[in-house]
Amino acid sequence: MANRFFVSPAPHVHSDYSTVRLMGDVVIALLPALMVSVRVFGWNVLAITTVSIASCVLLEYLVQKFLVKGPVTVNNLSAVVTGLLLAMNLPANIPLWIVVVGAVVAIGVAKMPFGGLGKNLFNPALAARVFLLIAYPVQMTSFPQPTINGFADAYSGATPLGAAKGMLVNFADFDALGMFTGAMGGSFGEVSALALLLGFAYLLMRKVISWHIPVAVLGTMAVFAAIYGATMGGAMIWQFPLFHLLAGGALLGAIFMATDYVTSPMTTKGMVIYGIGIGVITMCIRLWGAYPEGMSFAILIMNSVVPLINKYVKPKRFGVK
Amino acid sequence: MTTLIYTILTLCIIGVVAAVVLYFVAQKFKVEEDPRIDETEKMLPGANCGGCGFPGCRGLATALVESDDISALYCSVGGDECMSKIADYLGKAAPKKEPQVATVRCGGSCEKRPRTNTYVGATSCAIASSLYVGETGCAYGCLGYGDCVEACAFDAIHINPETGLAEVDADKCTACGACVKACPKGIIELRKRWPKNRAIYVSCVSKDKGAVTMKACKAGCIGCRKCEKVCEFGAITVENNVAFIDSTKCRLCRKCVAECPTGAIRMIGLAPLVKKEEVKEEK
Amino acid sequence: MKTFPIGGVHPSDNKQWSKGSAIEVMELPDVVNIPLAQHIGAPATAIVKKGDSVVVGQKIAEATGFMSANIHAPISGTVTAVDMQPNGQGLRQMMITIKREGDEWDEAIDRSTTLVTECNLEPKQIIEKIKDAGIVGMGGATFPTHVKLSIPDGKRAEILIINGVECEPYLTSDYRTMLERGQELIVGTRILMRAIGVTKAVIGVEANKPDAVAHLQQIIGTATDITVQMLKTQYPQGGEKQLIAAVTSRQVPPPPALPIDVGAVVCNASTAVAVYEAVQKNKPLIERVVTVTGAAVPQPKNLLTRFGTPVEAMIAKCGGLAEGDVKVINGGPMMGRALSNIAMPVMKGCSGITIMVGAAAGRGVESACIKCAKCVEACPMGLEPYLLSKQAKKKAWDAMEANDITSCIECGCCQFTCPANIPLLDYVRLGKQTVMGIIRARNMKK
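Nothing here was measured: the structure is a model prediction, and the numbers come from that model.

Procedures and definitions
- Residues numbered from 1 in each chain as written.
- Chains lettered and ligands numbered in written order.
- Predicted model: local features only at pLDDT ≥ 70, side-chain atom pairs only at ≥ 80, totals over all residues.
- Heavy atoms only, no water.
- Helix = DSSP H or I, 4+ residues; strand = E, 2+ residues; numbered from the N terminus.
- Rg over C-alpha atoms; globule rule 2.2 N^0.38 Å.
- Buried < 20%, exposed > 50% of the residue type's maximum accessible area, 1.4 Å probe, protein only.
- Contact = heavy atoms within 4.5 Å.
- Areas by Shrake-Rupley, 256 points an atom, 1.4 Å probe, with all protein chains shown as cover.
- 1 Å grid on protein atoms, 1.4 Å probe; cavity = no way out; pocket = protein on both sides within 12 Å on 5 of 7 lines; lining within 4 Å.
- Points joined across faces, edges and corners; volume = space filled by probe spheres on them.
- Nonpolar A, V, L, I, M, F, W, Y, C, P; charged D, E, K, R; others polar.
- Domains from an automatic or database assignment.
- Buried area = accessible area lost by both parts, 1.4 Å probe.
- Salt bridge = Lys/Arg side-chain N within 4 Å of Asp/Glu carboxyl O.
- Pairing = 2+ DSSP bridges.
- Polar contact = N/O pair within 3.5 Å; in protein donor to acceptor, adjacent residues only side chain to side chain.
- Patch = residues over 30% accessible without salt bridge, like charges linked within 9 Å, V, L, I, M, F, W, Y side chains within 5 Å.
- Phe/Tyr/Trp six-rings, centres within 6.5 Å; stacked < 30°, edge-to-face > 60°.
- Lys NZ or Arg CZ within 6 Å of the ring centre and 35° of its normal.
- Right-handed = clockwise from strand over helix to strand, strands pointing away.
- pLDDT = per-residue confidence, 0-100.
- Core = buried A, V, L, I, M, F, W, Y, C linked by side-chain atoms within 4.5 Å.

Let's shift gears to the overall build of chain B. A count of helical and extended segments in chain B gives ten helices and nine strands. Since a compact globule built from 283 residues should have a radius of gyration of about 19 Å, the 27 Å found for chain B marks it as more spread out than a globular shape. Reported as C-alpha extents along the three principal axes, the dimensions of chain B are approximately 95 × 50 × 30 Å. Across the 283 residues of chain B, 45% fall into the buried class. Considering only contacts in chain B between residues 6 or more positions apart, those separated by 24 or more positions represent 56%. For chain B, the accessible surface area stands at approximately 15,600 Å², while carbon and sulfur atoms represent 57% of it.

This next bit is on the layout of surface pockets. Quantified by volume, the second largest pocket comes out at close to 1,100 Å³. As for the second largest pocket, its lining consists of 47 residues, and the residues nearest its centre are Lys207 of chain A together with Gly8, Lys374, Glu377 and Ala378 of chain C. Going through the elements one at a time, helix H10 (212-232) and helix H13 (268-288) of chain A together with helix H10 (374-378) and helix H13 (413-417) of chain C are the ones with two or more residues in the lining of the second largest pocket. No other element matches the four residues that H10 of chain C contributes to the lining of the second largest pocket. A per-class count over the lining of the second largest pocket returns 23 nonpolar, 16 polar and eight charged. Counting only domains with at least three residues in the lining of the second largest pocket, you end up with domain 1 (1-25 + 105-362) and domain 3 (374-445) of chain C.

It is worth spelling out the interface of chain B and chain A at this point. Contacts between the two partners involve nine residues from chain B and, on the opposite side, six residues from chain A. Among the residues of chain B in contact with chain A, Thr118, Val120 and Leu131 of chain B are the three that bury the most area, contributing 62% of the side total. Counting across the chain B and chain A interface gives zero salt bridges. Pairing of strand S1 (residues 3-7) of chain A with strand S2 (residues 118-119) of chain B, which is carried by two bridges, proceeds in the parallel orientation. Note that in S2 of chain B the partner of Phe6 of chain A across the bridge is Thr118 of chain B.

Our focus in this paragraph is the environment of Glu240 of chain C. Residues and elements named next belong to chain C. As for its position among the elements, Glu240 is in helix H7 (residues 240-248). Given the relative accessible area of 30%, Glu240 is considered partly exposed. Sequence-wise, Glu240 and Ile40 are 200 residues apart; in three dimensions their C-alpha atoms are separated by 16 Å. Residues within four places of Glu240 in sequence aside, it is in contact with Lys148, Pro259 and Val266. Within the structure, the side chain of Glu240 is placed 3.3 Å from the side chain of Lys148, a separation counted as a polar contact.

The subject of this paragraph is a nonpolar patch on the surface. Taken together, Met1, Leu4, Ile5, Tyr6, Ile8, Leu9, Ile13, Val17, Val21, Val25 and Phe29 of chain B make up a surface patch of nonpolar side chains, about 1,200 Å² in accessible area. Turning to its location among the elements, Ile5 of chain B is positioned in helix H1 (residues 2-28).

Moving on: the packing of aromatic side chains. Overall, the coordinates contain eight aromatic pairs over all chains when judged by the stated rule. Judged by centre distance (5.3 Å) and plane angle (90°), the rings of Trp97 of chain A and Tyr136 of chain A are edge-to-face. Separated by 39 residues along the polypeptide, Trp97 of chain A in helix H4 (residues 96-111) and Tyr136 of chain A in the loop between helix H5 (124-135) and helix H6 (137-141) bring together distant segments of the chain. Between Tyr23 of chain B and Phe24 of chain B, the aromatic rings sit 5.5 Å apart at their centres with planes inclined by 80°, giving edge-to-face as the arrangement. Ring pairing ties together the aromatic residues Phe224, Tyr228, Phe240 and Trp288 of chain A, which thus form one cluster. Between Lys192 of chain B and the ring centre of Trp194 of chain B, over which it is positioned, the NZ or CZ distance is 4.0 Å.

Residue and element names in this part refer to chain C. Spatial strand order, S2-S8-S7-S4: four strands in an open sheet with antiparallel pairing. The open sheet has two edge strands with one neighbour each: strand S2 (31-35) and strand S4 (53-54). In terms of strand pairing, S4 meets strand S7 (residues 77-86) through two bridges, oriented antiparallel. When the sheet's bridge partners are listed, Val54 is paired in S7 with Gly77.

Residue and element names in this part refer to chain C. Counting buried residues in strand S10 (residues 201-206) gives six out of six residues, a clear majority hidden from the surface. Neither face of S10 is left uncovered, since the one carrying Ala201, Ile203 and Val205 and the one carrying Val202, Gly204 and Glu206 both have all their residues buried. As defined by bridge partners, strand S9 (residues 159-163) adjoins S10 across four bridges and the pair is classed as parallel. Considered in S10, the bridge of Ile161 is made with Val202. Taken together, S10, helix H6 (residues 210-220) and strand S11 (residues 226-231) constitute a β-α-β crossover, and its handedness is right-handed.

Of all residues in chain B, 96% have pLDDT values of 70 or greater, and the mean over the chain is 89. Interface scoring of the predicted complex returns ipTM 0.90; its pTM is 0.89.

Right, let's get into the nonpolar core. Counting residues in each nonpolar core, the largest one holds 130 residues, and the members touching the most others are Leu30, Phe188, Leu203, Phe256, Tyr274, Ile278 and Ile299 of chain A. If one sorts the elements of this core by residue count, helix H1 (residues 19-41) of chain A sits on top with twelve residues. Beyond its immediate stretch of four places on either side in the chain, Tyr274 of chain A contacts Ile213, Ala258, Thr263, Ser264, Pro265, Ile299, Met302, Asn303, Val306 and Ile309 of chain A. With 65 residues, the next largest nonpolar core counts Ile162, Tyr175, Ile220 and Val346 of chain C among its residues.

Following this line, the structure appears as structure tokens:
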């Protein structure tokens, strides 16, 4: 009998999880938000996304092939996810060359020098976004108007948060439904809460992420905002939190950026601590900082704390009280 | 102008205050240490291989300085020369050791020892060895996943892809013993180092009976005792179906090599024995 | 539905292949090799020598000390050798070789099928009989049963748990035993209860075996001493500590604590049947039900097999081995040991032979850890497999001990779930073995 006998230690079966499948699921989960963006901002969105993904993948390929001279692993889709997330954090009318600069920072500075996938300390897409925000503040903060009929004049180019910064307490034109479905200005990935929540549901269903980080981030923000809103009195106690959850990158950040495997804690307890930290820092920046949006900074700051959390926050051991 | 002066002044004051604080802190937390330890450490090779039994060179240096009798301490990387230098410096009797070299006692190459199964577990001899005998019928031989290679701090041992066996680069080997400890099969031995890296050793440790060994590997020692009989120096003993040449007694006379029916006795750097000739004293 | 508190995974159980085939009696082998080490503890000492003739059920090797087990002749015939032979992993082990002549049984053994329910022996006598019969845990751990039943001074058993979970995918030997030997199982359970002095027993069965639950419940009828507890289908539900936690909500503290520290004694369902046979029928442990299964096995079967039967012969009976790449596993796919030698004799702990073919026989290609934390989530002991395996690679044994490596039950959930195909458990197991060795050496010094 022509048999080849294989021998290995147990276990001998494997789940159907694979890195490619997990990354692919993240891409799928982002598609609804991408489609809404195309509908809201036009085809330019697709051009930015394509350029961003293509440059991330190409750059990772070049670095692995010619600099590291190790195995090329671009087919694990991680660079695709980075590219897609980077694109979704950009305004829809950004010049394409800035997108390429962002990809260089994401892959060439934030990811590969640390040793590639799994070793980076900071979320590459966010590191790139923050770099662009500081390097090209004008291009990064002039958001186009949403072009959907009927919503067109919602915010005249400014993001709801940008508008709110000037008049923190004035919510006369606060349009929760519009913000929920995508009729607001902003980086093109963050416009529709509904689409992002759809993606969240998909990720939960496929067990790609657990609910701990998003719920901790959003819950903390809501509580924080509610307390702040309560001091203003009246309906603010629920309007203010709702506004903060729907505005800006709260949902995109909490669901897709903060949950990045590599840069988030390993234990559920750690995830909750990390999520609360992001929520608090975000709200502090939003309410008292110089920038209208604080999500990116908050996540990056908490990224740097993750090794510490992993070291000191241990899971509950079986049989230990 | 006043701004400039104030800036300079403030900086100076901060500098002075910091210096004073630093000075007192340094005084308070000063660790008294024998300065000879630093000197001794400098004299050691600095490979931090752990071959001496201490975690690093500093550990050995501390022990050398602190113990009165240093005969049990030895750095095989530095060798006699290094040890006598240190002993002179410390004014103690220098420990001496015959130079040694690591030797892999397995000759079961791919062609000599046919594979009966394929291992697909983690690439580690320790893991494979705790699971089963390995990819061949032999339960004693080299597994070839390179735990020794990983353990070696001197790049002196490698897996030969053709034979699938670990091979020692004698010129680089410092006899630190890291590979000996790393090998789960216990086939690596530190043997006396002859000039020009000459060596004669039994490249098999199989304790199986001859017939079983023969079935698993064509290069195995079958314990036939022919070598034991032919050795004039009492250097060869056969125990548990396997021959062993005591490298401190062997004189490299090569008689056993000619006698071995399976070629399990390996010879390095020596011409085969053609006819009876006088044993030349090497060294 | 009840389950254990932390972690766990859901592998496809694939029990459909063999669950429908009733237990068949495997033909008697002509020659058997009986290893002296079939259990945890000291190997037994042979008490027969070459040339002796033996009958079925005759003791051929005696327990060496308390933590060991007797071994009996599974066939009648002549001892042809007592020598080192390769086991399933190719390692040389002392084995007794018997050449078969007919099928003569020891006269003391009651071979009738009549059910004997009455048992009036004292606990000590029961344990003595179990010890004589050489019974060990048949779920795979092979812990000598008489040791488990001898409650140490100062401890008290409160509950007996019969492990009918069979959470290991593919295997159906316990399931078939529960269905076909339910009466004996219940009597065996009552004997075990008597031996450890408890009034309450729970039979834990996974939810994927509702017919076994119904069958056992029907046998128990209105009696209240034994209950059948259906448990969630989740691996490793049948792990001793997991099962105790699921049934009693008590967690066994980390080693060196034992189940008895929370008042529980756990026995496998097949073991309970073996106890019945030993105590009521004087039949020592000489055979067991073995599932032979796998995606490419032509006729998966549950075979009542005498110990010493070569695995090859059983595979042949089930239609032979498929061509190409195969992996033959002694046990199930999660915790079984792959064989390099399929002439291996069936032993006391062998609950199944699983055959993987083609790509499933190999392993996926390893890639970089993406820190997805799925291993931490899956670990039923609340450990951090990603960290432990990294520390094992670095030989950081002290750090591993500080991270509770000794709690690891080697269930394989971490490696099963890892999307990067990292051989986590390979390294974790190596670390556990090394750390256990270090701890043993330290305790010896004390």
